[in-house]
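Inside the fold
Chain by chain, the residues:
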Amino acid sequence: MYGHLYFGGSVKSYFEKKIMRVLQVIPGDPGSNSMIFARRQSLEIQLNIKYLSVFDLEKRSLKHILKSVNELKRAIATQNITLLHAQYGSSTSLICGVVKLTSRGPIGRRLKLVTTFRGSDLNPHTSNSFFRNFAQKASSHFGALMSDHVICVSNETRKRLWWRCQNISVMPTGCDTDLFHPIPQKEARKAISPLVSLPDGKPLVILNAGKTPDFKGEPIVQDALKLLKQQYGIDTYLKVCRNDIPVDKMPTLLNAADVVVLASLYEGSPTILQEAMACETPVVSTRAGDAEQRLCKVKGSFIAPKRSGQSLCDALALAFKYQGLHNSRQVALQECAQSVIVRKIL
């Protein structure tokens, strides 16, 4: 897609790789775990083109927008950038849209803009005020209008756009399938034990709730596990991740788990689902985001038809009772591997 914007085809030749200069704009503190999936994607792209740099947009509030616009314009001029890629909507896409309107690429050539929408930048937030929700969505839609091409991580995300609905690529977030790979469960549980106390004999269920447990469905999952014990006699241990597990330990934790569960109200393309697939750990999920599309070919993982305790309970029971072969890593390698996603972007 980078190549189509400039060369009418994918980036293949040495000449094309050499002259294309891409600046990816990523929100958040680069020293934190914020947007780590976007940073991993940038590293993968760097292996395929001559010049790609990252602009870290650490301050995105309204009072900092003008300063960020000027700093970004200076970076574009200094590095002779030909293509700008906003790795998120909201104020990130707003700033990039303003910069595109007021900047030129090398030799006066018009700067190209690609924007990736990741779900939370377009989905409603129940914890936000009406004004904040409106401002966030308006900023995202302005960024979409200014973009030469838009990437949405799921069809659900694409449907939330007001315009640019034809000039869109839909592709999942992707995951690092070299980092996330199967290891023996006993080995993983021993390695993760200093961080997570695992009771003997109980299956381990993982829920990644972050800082929004209600939005991610923690109460629903707890109800489901109570019903699972009452109705099916399966007593489990629930580990709720609240940004308390170091990033480098997540592959180990996912391999230690018996099931990863997702019960979100909305999603884009949940990375933990794809990472669990790469580790060949079963997944039970609601239909949020692209979960149904990701799991439709996966054996041993199940979709809960409704976002309710009973529906999740029944799907979890199916996952625990499944005795067949698992193929989730094979599907992940074909559809979600970061290298596959990067080839589509190029």
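Quick caveat: nothing in here was measured; it's all calculated off a predicted structure. (Residues numbered from 1 in each chain as written. Predicted model: local features only at pLDDT ≥ 70, side-chain atom pairs only at ≥ 80, totals over all residues. Heavy atoms only, no water.)

Turning to the overall build of the chain, a few remarks are in order. The helix and strand inventory of the chain stands at 15 helices and 11 strands. Radius of gyration (C-alpha) of the chain: 21 Å, near the 20 Å computed for a compact globule of 346 residues. Taking the principal axes of the C-alpha coordinates as reference, the chain spans close to 70 × 45 × 40 Å. Taking all 346 residues of the chain together, 55% fall into the buried category. Residue pairs in contact within the chain that sit at least 24 positions apart in sequence constitute 68% of those at least 6 positions apart. Accessible area for the chain stands at about 15,800 Å²; split by element, carbon and sulfur atoms hold 53% of it. Of the side-chain charges in the chain, 46 are positive and 27 negative, and the distance between the mean point of each set is 7 Å. (Helix = DSSP H or I, 4+ residues; strand = E, 2+ residues; numbered from the N terminus. Rg over C-alpha atoms; globule rule 2.2 N^0.38 Å. Buried < 20%, exposed > 50% of the residue type's maximum accessible area, 1.4 Å probe, protein only. Contact = heavy atoms within 4.5 Å. Areas by Shrake-Rupley, 256 points an atom, 1.4 Å probe, with all protein chains shown as cover. Lys, Arg positive; Asp, Glu negative; His and termini not counted. Charge placed at Lys NZ, Arg CZ, Asp CG, Glu CD.)

Judged by side-chain charge, K59, K63, K67 and R74 come together as a positively charged surface patch. Note on placement: K59 falls in the loop between strand 2 (51-57) and helix 4 (65-79). (Patch = residues over 30% accessible without salt bridge, like charges linked within 9 Å, V, L, I, M, F, W, Y side chains within 5 Å. Salt bridge = Lys/Arg side-chain N within 4 Å of Asp/Glu carboxyl O.)

A separate point is the sheet that holds strand 2. Taking strand neighbours across the sheet as the criterion, the 6 strands line up as 2-1-3-4-5-6 in an open arrangement whose pairing is parallel. For this open sheet the edge positions go to strand 2 and strand 6 (168-170), each flanked by a neighbour on one side alone. In this sheet, neighbouring strand axes are inclined to one another by 20° on average, regardless of whether the strands run parallel or antiparallel. Relative to strand 4 (residues 112-117), strand 3 (residues 83-86) is paired through 4 bridges, and the arrangement is parallel. (Pairing = 2+ DSSP bridges. Axes fitted to C-alpha atoms, helices over the stretch in contact; angles between N-to-C directions.)

A two-sided burial pattern is seen for strand 9 (residues 259-262), the buried positions comprising V259 and V261 on one face and V260 and L262 on the other. Examined bridge by bridge, strand 7 (residues 204-208) and strand 9 share 3 bridges and lie parallel to one another. Bridged to V205 within strand 9 is V259. Of the pairings in the sheet, the one linking strand 9 to strand 10 (residues 283-285) comprises 3 bridges and is parallel in character. Bridge pairing links V260 to V283 in strand 10. One crossover worth recording links strand 9 to the parallel strand 10 by way of helix 11 (residues 271-278), and it is right-handed. (Right-handed = clockwise from strand over helix to strand, strands pointing away.)

The next thing to look at is the environment of G289. By the element assignment, G289 lies in the loop between strand 10 and helix 12 (291-295). G289 gets classed as buried once you look at its relative accessible area, which sits at 14%. For G289 and Q46, which are 243 residues apart along the polypeptide, the C-alpha to C-alpha distance reads 28 Å. When sequence neighbours within four positions are dropped, the list of residues in contact with G289 reads S154, E156, E267 and G268.

Attention now moves to the pattern of salt bridges. This model, assessed by the stated rule, comprises 14 salt bridges. Ionic pairing is found between D235 and K229, a salt bridge with its closest N-O pair at 3.8 Å. Each member of the salt-bridge network shares a partner with another, and the members are D290, R294, K297 and E335.

Bringing empty space enclosed by the protein into the picture now. Counting across every chain of the model gives 1 cavity of 30 Å³ or more. In this structure, the largest cavity spans a volume of roughly 50 Å³. (1 Å grid on protein atoms, 1.4 Å probe; cavity = no way out; pocket = protein on both sides within 12 Å on 5 of 7 lines; lining within 4 Å. Points joined across faces, edges and corners; volume = space filled by probe spheres on them.)

Moving on to the sheet that holds strand 8 (residues 237-241). The strand order 8-7-9-10-11 describes an open sheet built from 5 strands, whose pairing is parallel. Only two strands of the sheet have a single partner each, and these edge strands are strand 8 and strand 11 (302-303). Lying on the sheet, helix 9 (residues 218-232) is in contact with strand 7, strand 8 and strand 9; it crosses strand 8 at an angle near 170°. Of the strands in this sheet, strand 7, strand 9 and strand 10 are in contact with helix 11, which crosses strand 9 at around 160°.

Judged by nonpolar contacts, the single largest core of 30 residues is most densely connected at L253, V260 and M277. For this core, the secondary-structure elements that each account for two or more residues are helix 8 (185-192), strand 7, helix 10 (250-256), strand 9, helix 11, helix 12 and helix 14 (328-335). Excluding residues that lie within four positions of it along the chain, M277 makes contacts with R294, L295, V298, S328, R329, V331, A332 and C336. (Core = buried A, V, L, I, M, F, W, Y, C linked by side-chain atoms within 4.5 Å.)

Our next topic: helix 11. Of all 8 residues in helix 11, 8 are buried, a share of seventy percent or more. If you check which residues of helix 11 are buried, you get T271, I272, L273, Q274, E275, A276, M277 and A278. Positive backbone phi, approximately 60°, marks E280, located one or two places after helix 11.

The next subject is the state of the cysteines. Evaluation of the coordinates by the stated rule reveals 0 disulfides. Free cysteine: C96, not disulfide-bonded; nearest cysteine sulfur from C152 at 16 Å. By relative accessible area, which is 0% here, C96 ends up buried. (Disulfide = S-S within 2.5 Å.)

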